[in-house]
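# Coordinates in review
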Amino acid sequence: MDSQHYQIRNMTHDEVSLAIDWAASEGWNPGLQDQDSFFAADETGFLLGLLNGNPIACISAVKYEHDFGFIGFYLVKPEFRGHGYGLKIWQAAMNALAGRTVGLDGVLSQQDNYKKYGFQLAYPNIRYQGLSAVFSVPPSSAVVELLSRNEEEINQFDRHIFSKARRVFLANWLRQPGSTALAYLEDNRLAGYGVARPCRVGYKIGPLFAKTPEQAEQLFLSLISSLPHRTSYFLDIPSINSHAVDLVNRHAMQPVFETARMYLGQAPAVPIEYVYGVTSFELG
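Right, let's walk through the structure included here. Since the model is a prediction, treat every value here as computed from it, not as a measurement. (Residues numbered from 1 in each chain as written. Predicted model: local features only at pLDDT ≥ 70, side-chain atom pairs only at ≥ 80, totals over all residues. Heavy atoms only, no water.)

As a further point, take helix α1 (residues 16-25). Buried within α1 are the following residues: Val16, Ala19, Ile20, Trp22 and Ala23. On an axial view of α1, the arc spanned by its buried residues comes to 160°, and they lie on one face. If you follow the buried residues of α1, they end up packed against α2 (34-41), β2 (46-51), β3 (54-64) and β4 (68-76). Positive phi shows up at Gly27, right after α1, with a value of about 85°. (Buried < 20%, exposed > 50% of the residue type's maximum accessible area, 1.4 Å probe, protein only. Helix = DSSP H or I, 4+ residues; strand = E, 2+ residues; numbered from the N terminus. Arc of directions from axis to C-beta. Contact = heavy atoms within 4.5 Å.)

Structure, rendered in structure tokens:
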């Protein structure tokens, strides 16, 4: 490694698009409008590695509240792999999150490497793919536009499930151009919500949070009915939620990718039975 000419620094807002492009080249299928939301989550949470001034590596280390962080976008350009540049930027990210519980969604082949740093497997997250079709969803007064609800109500509900506040991130995520964000109401109170956003290929649904399988089903159907005909859509589910597994099987979705959700330190108290779709593999 040419450490003398290798620099690690925070990304600017515009440079986050570089990390997203690299992720797309690896087949991760990022959203078309993710840049603003990701950067809003933590403006100091994205690191860039430069060799002789040229970007060759990146990683995100996004902080939530005072005690939790999430690693993502861990990428090194192929021609620079195996020379220690990735390890150096990994160490910088971990130093930025020192003293916090740290989560990540790692590719399965890297599980053993993460274990060397003290990470423990919590459960697999599995990406499923479906194809939208023309069908009618029976109207339900329980399903409404999410942004018609009070912002504080949305944030409190999300925090209960995600386990950490992410107000600024959600303010951007729920308003991405071309996306659909729906709420499920029970006794005029938020009982679930879901977002479908346009990606490089098709749409991703995430998050999909609901208190019951029936609520998750209604949100899911309402979201996919809003998509263009014969468009691919993707849902990333925690495989330990049996009701989420039932949902994707019921709709003949096919598994296409799997990650290992791992934590260093005490895992957050997430009510996993409410999680039918992960928000994103990059930010948790």
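This paragraph deals with the packing of aromatic side chains. On inspection of all chains with the given rule, the structure shows 18 aromatic pairs. Relative to Tyr85, the ring of Tyr6 has its centre 4.7 Å away and its plane inclined at 65°; by these criteria the two rings are edge-to-face. Taken together, the residues Tyr6 in strand β1 (residues 6-10) and Tyr85 in helix α3 (residues 85-96) connect sequence positions 79 residues apart. Each member of the pair, Tyr6 together with Tyr85, is buried. Taking the centre distance of 5.1 Å and the plane angle of 65° together, the rings of Tyr64 and Phe162 count as edge-to-face. Taken together, the residues Tyr64 in strand β3 and Phe162 in helix α5 (residues 151-162) connect sequence positions 98 residues apart. (Phe/Tyr/Trp six-rings, centres within 6.5 Å; stacked < 30°, edge-to-face > 60°.)

Structurally, the position occupied by Glu282 is in the segment after β13 (275-277). For the buried Glu282, which has no salt bridge, the nearest side chain bearing the opposite charge is Arg197, at an N-O separation of 5.0 Å. If sequence neighbours within four positions are ignored, Glu282 has contacts with Trp28, Phe38, Ser60, Phe70, Ile71, Gly72 and Phe73. (Lys, Arg positive; Asp, Glu negative; His and termini not counted. Salt bridge = Lys/Arg side-chain N within 4 Å of Asp/Glu carboxyl O.)

A few words on the nonpolar core. One finds Phe38, Leu146, Leu174 and Tyr193 to be the most contacted residues of the largest nonpolar core, which totals 41 residues. With five residues, α1 is the single largest residue contributor to this core. Residue contacts for Phe38: discarding those within four places in its chain leaves Ile20, Phe46, Phe73, Phe169, Trp173, Ser280, Glu282 and Leu283. Of all hydrophobic cores here, the second largest spans 28 residues; its members include Val143, Tyr203, Tyr233 and Val248. (Core = buried A, V, L, I, M, F, W, Y, C linked by side-chain atoms within 4.5 Å.)

Bringing the pairing of β3 into the picture now. Successive side chains on a regular strand alternate, one facing one side of the sheet and the next facing the other. Within β3, eight of the eleven residues are buried, leaving the element largely enclosed by the surrounding structure. The pairing of β2 with β3 spans six bridges and is classified as antiparallel. Following the sheet pairing, Leu47 is matched in β3 by Ile59. Connecting the antiparallel pair β2 and β3 is a turn made up of two residues, with Asn52 showing a positive phi of about 55°. As judged from the seven bridges shared by β3 and β4, these two strands associate in the antiparallel manner. Looking at the pairing, Cys58 lines up with Leu75 of β4. (Pairing = 2+ DSSP bridges.)

In this section: the pattern of salt bridges. Counted under the stated rule, the structure contains 13 salt bridges. In this structure, Glu15 engages Arg9 in a salt bridge whose closest nitrogen and oxygen atoms are separated by 2.7 Å. Given a relative accessible area of 18%, Glu15 falls into the buried group. Here Arg9 falls in the partly exposed class, since its relative accessible area comes to 28%. We note a salt bridge from Glu217 to Arg250, for which the minimum N-O separation is 2.6 Å.

This part covers the environment of Thr279. Of note, Thr279 is situated in the segment after β13. In the structure, Thr279 is positioned 72 residues away from Pro207 in sequence and 4.0 Å away in space, judged by C-alpha atoms. In contact with Thr279, other than residues within four places in its own chain, are Arg166, Phe169, Trp173, Arg197, Gly206, Pro207, Phe209 and Gly284. Within the structure, the side chain of Thr279 is placed 3.0 Å from the side chain of Arg166, a separation counted as a polar contact. (Polar contact = N/O pair within 3.5 Å; in protein donor to acceptor, adjacent residues only side chain to side chain.)

Glancing now at the packing of helix α7 (residues 213-225) against helix α8 (residues 242-250). The contact between α7 and α8 brings their axes to 10 Å, and the two run at 40°. When the interaxial angle is binned, α7 and α8 end up oblique. For the element pair α7 and α8, the recorded crossing hand is right-handed. Residues Pro213, Ala216, Glu217 and Phe220 of α7 touch α8, and the partners they reach there are His243, Leu247 and Arg250. When its residues are assigned to classes, the contact of α7 with α8 shows four nonpolar, one polar and two charged. (Axes fitted to C-alpha atoms, helices over the stretch in contact; angles between N-to-C directions. Parallel < 35°, antiparallel > 145°, perpendicular 65-115°, else oblique. Left-handed = near helix turned anticlockwise from the far one by under 90°. Nonpolar A, V, L, I, M, F, W, Y, C, P; charged D, E, K, R; others polar.)

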